[in-house]
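# Chain and residue survey
Read off the chains here:
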Amino acid sequence: MVWDYQLLRHSLQPCSAGIGLGSHDLGVATHAATLYKDGLFPVLLFTGATSPTTAARFPRGEAVHYREHAMALGVPESAILVEPDATNTGQNVEFSRALLSASHVPIESVLVVCKPYEERRSFATFRRLWPDVKVVCSSEPVSFDDYVAGIGDAKLVIDMLAGALQRVMLYPAQGFAIPQEVPSTVQAAFGRLRAAGFDSRLIRD
């Protein structure tokens, strides 16, 4: 239920730039490369430093490894920008916006590529911090079961799923994101996950 809620299912349309949000999931870079090759944007920016979750897998930084993976999939180096310093979604927005401006890329819309369970939080953060551009979100088209199998750690995925939903609910009041309706059934599902111990990614009260 929480997985399905996080998927915005935006209709894809050409945008001024694609922005791939760094994480532990290389599928984000794969999907971004596919969207580039489908002609949905002329410039692809990857953003992200490292985190405790990604430092071992991506020692040179999430954005750098994403660029290398996208190039291996056929995206030309000349079409890729790398923002290597962001350590949270707010910085992803702020630093990407600054890099696109410095690179003289005119922006009217962005296609944000992220993990499936981060679509809502990513959308809400971009809309809050960059309100004058159109924001479209997309993620790898994969089922929850297949995503868990691909990551290989069900506890980690469910912990992150719960953490992403909690931030959708909490961050608007802190000014980090626009508010979004969270159905009572989804809130109840979050409560059950929390009570069951899927809490390593939660913000402590």
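Below: a short report on this structure.

Rules used throughout
Residues numbered from 1 in each chain as written. Predicted model: local features only at pLDDT ≥ 70, side-chain atom pairs only at ≥ 80, totals over all residues. Heavy atoms only, no water. Helix = DSSP H or I, 4+ residues; strand = E, 2+ residues; numbered from the N terminus. Rg over C-alpha atoms; globule rule 2.2 N^0.38 Å. Buried < 20%, exposed > 50% of the residue type's maximum accessible area, 1.4 Å probe, protein only. Contact = heavy atoms within 4.5 Å. Lys, Arg positive; Asp, Glu negative; His and termini not counted. Charge placed at Lys NZ, Arg CZ, Asp CG, Glu CD. Pairing = 2+ DSSP bridges. Right-handed = clockwise from strand over helix to strand, strands pointing away. 1 Å grid on protein atoms, 1.4 Å probe; cavity = no way out; pocket = protein on both sides within 12 Å on 5 of 7 lines; lining within 4 Å. Points joined across faces, edges and corners; volume = space filled by probe spheres on them. Nonpolar A, V, L, I, M, F, W, Y, C, P; charged D, E, K, R; others polar. Disulfide = S-S within 2.5 Å. Axes fitted to C-alpha atoms, helices over the stretch in contact; angles between N-to-C directions. Parallel < 35°, antiparallel > 145°, perpendicular 65-115°, else oblique. Left-handed = near helix turned anticlockwise from the far one by under 90°. Core = buried A, V, L, I, M, F, W, Y, C linked by side-chain atoms within 4.5 Å.

## Some thoughts on the overall build of the protein chain
Helix and strand counts for the protein chain stand at eight helices and five strands. Across the protein chain, helices and strands are ordered from the amino to the carboxyl terminus as α-β-α-β-α-β-α-β-α-β-α-α-α. Radius of gyration (C-alpha) of the protein chain: 16 Å, near the 17 Å computed for a compact globule of 205 residues. With the C-alpha coordinates aligned to their principal axes, the bounding extent of the protein chain is approximately 50 × 35 × 30 Å. For the protein chain, the proportion of its 205 residues judged to be buried stands at 51%. Considering only residue pairs separated by 6 or more positions, the protein chain has 76% of its internal contacts joining residues 24 or more positions apart. Each charge class in the protein chain can be summarised by its mean position, and for the 18 positive and 21 negative side chains these summaries are 4 Å apart.

## Brief notes about the pairing of strand β5 (residues 134-139)
With five of six residues buried, β5 is to be regarded as a mostly interior element. In the sheet, strand β4 (residues 109-114) pairs with β5 via six bridges, with the strands oriented parallel. The partner of Ser109 across the bridge, within β5, is Lys134. Note that the unit made of β4, helix α5 (residues 119-129) and β5 has a crossover that is right-handed.

## Some thoughts on the layout of surface pockets
For the largest pocket, the calculated volume is near 760 Å³. Along the walls of the largest pocket sit 34 residues, with Thr87, Thr89, Lys115, Glu118 and Arg121 positioned nearest its centre. Ranked by residues supplied to the lining of the largest pocket, first place goes to helix α7 (residues 154-170) with four residues. In this structure, the second largest pocket occupies an estimated 160 Å³ of space. Along the wall of the second largest pocket there are 13 residues; nearest its centre are Arg9, Glu119, Ser138, Ser139 and Pro141. In terms of residue count, the dominant contributor to the lining of the second largest pocket is β5 (three residues). Looking at the lining of the second largest pocket residue by residue, the classes come out as six nonpolar, four polar and three charged.

## Let's talk about the state of the cysteines
Evaluation of the coordinates by the stated rule reveals zero disulfides. This cysteine, Cys15, is not joined by any disulfide, and Cys137 carries the nearest cysteine sulfur, 9.9 Å off. In this structure Cys137 is a free cysteine whose sulfur lies 5.1 Å from that of Cys114, the closest cysteine sulfur available.

## Section: the packing of α7 against helix α8 (residues 184-195)
Axis separation between α7 and α8 bottoms out at 10 Å; the angle between their running directions is 135°. Classed by the angle they form, the pair α7 and α8 counts as oblique. In the packing of α7 onto α8, the handedness of the crossing is left-handed. When α7 is examined against α8, the residues Ile158, Ala162, Leu165, Gln166 and Met169 are found in contact with a partner set consisting of Val186, Gln187, Phe190, Leu193 and Arg194. Here the contact of α7 with α8 is composed, by residue class, of seven nonpolar, two polar and one charged.

## What about the nonpolar core?
Ranked by size, the top nonpolar core spans 23 residues in total, and within it Val2, Trp3, Tyr5, Tyr117, Leu165, Val182 and Val186 carry the most contacts. Among the elements that line this core, the one with the most residues is α7, at nine residues. If you look at the next biggest cluster of nonpolar residues, it comprises 21 residues, including Leu35, Tyr66, Ala70 and Val136.

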